[in-house]
Amino acid sequence: MFLLHSSGSSEGSSIAVLSLIRQLRNKGYQVHVVCPKQGPLIESFYEIGVGVSIIRYASAIYPKVFTFKSFLSWPKRMLDLLWYNHIAEIKLQKLVEKI
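This text gives an overview of the structure that appears in the document. Just so we're clear, the structure is a prediction, and the values are computed from it rather than from any experiment.

Thresholds, definitions, all that
Counting restarts for each chain: residues are numbered from 1 in the order of the written sequence. Predicted model: local features are reported for residues with pLDDT of at least 70 only, side-chain atom pairs are reported and counted for 80 or more only, and whole-chain, interface and lining totals are derived from all residues. Excluded from the side-chain calculations are hydrogens and water; all other atoms, namely the structure's heavy atoms, are used. Note on pairing: DSSP must find at least two bridges between two strands before they are called paired. Secondary structure elements follow DSSP: runs of H or I no shorter than four residues count as helices, runs of E no shorter than two count as strands, and numbering proceeds from the N terminus. When the strands point away from the viewer and the path from the first strand over the helix to the second turns clockwise, the crossover is right-handed. What is meant by a nonpolar core is a set of buried Ala, Val, Leu, Ile, Met, Phe, Trp, Tyr and Cys residues, joined one to another through side-chain atoms within 4.5 Å. The buried label goes to any residue with under 20% of its type's maximum accessible area, the exposed label to any with over 50%, and the partly exposed label to all in between, with areas taken from a 1.4 Å probe on protein chains only. To be clear, the arc concerns the directions from the helix axis to the C-beta atoms. Contacts are assigned to residue pairs that have any heavy atoms within 4.5 Å of one another. Here a polar contact is taken to be a pair of N or O atoms separated by no more than 3.5 Å, where protein atoms must pair a possible hydrogen donor with a possible acceptor and residues adjacent in sequence count only if both atoms sit in side chains.

Both strand E2 (residues 32-35) and strand E3 (residues 51-54) contribute to a ladder of 4 bridges, which runs parallel. Counterpart to Val34 in the pairing with E3 is Ser53. What joins E2 to E3 is helix H2 (residues 40-47), and the crossover it makes is right-handed.

Printed below as a string of structure tokens:
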């Protein structure tokens, strides 16, 4: 299982991950990819026969504070981060049990 932080690019690290997954599939490994949202890379996974799950999760460790406004919104953003990652953890656990 590959847990990606992005599915929106078709260059750089995305090409490397796609190449690695393609090689694993060619060697007979069953591969499944988890992405936080739809993106152009997902179609490439489908084309090579890789299972894909979309599970929304926050990839930041903590919300950054740059301005006074972001300082005021920090508690809500931190709660959102914790909530989405908690839900993602439950969904990932169910996915692993299923696979």
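Counting 10 residues, the largest nonpolar core consists of Leu18, Ile21, Val31, Val33, Cys35, Leu41, Ile42, Phe45, Val50 and Val52. Taken together, the elements giving at least two residues each to this core come down to helix H1 (13-26), E2 and H2. If you tally residues by element for this core, the top one is H2, at 3 residues. Counting residues in each nonpolar core, the second largest holds 6 residues, with Val34, Tyr57, Ala88 and Leu92 among its members.

For the rest of this paragraph, the subject is H2. Listing the buried residues of H2 in full gives Leu41, Ile42 and Phe45. For H2, the angular spread of buried residues about the axis comes to 105°, placing them on one side. Buried residues belonging to H2 abut H1, E2 and E3. Gly49, located one to two residues past H2, shows a positive phi value of around 80°.

Among the structural elements, His32 can be located in strand E2. Look at His32 and you get buried, because its relative accessible area is 17%. In terms of polar contacts, His32 uses its side chain to reach the side chain of Ser53, at 2.7 Å.

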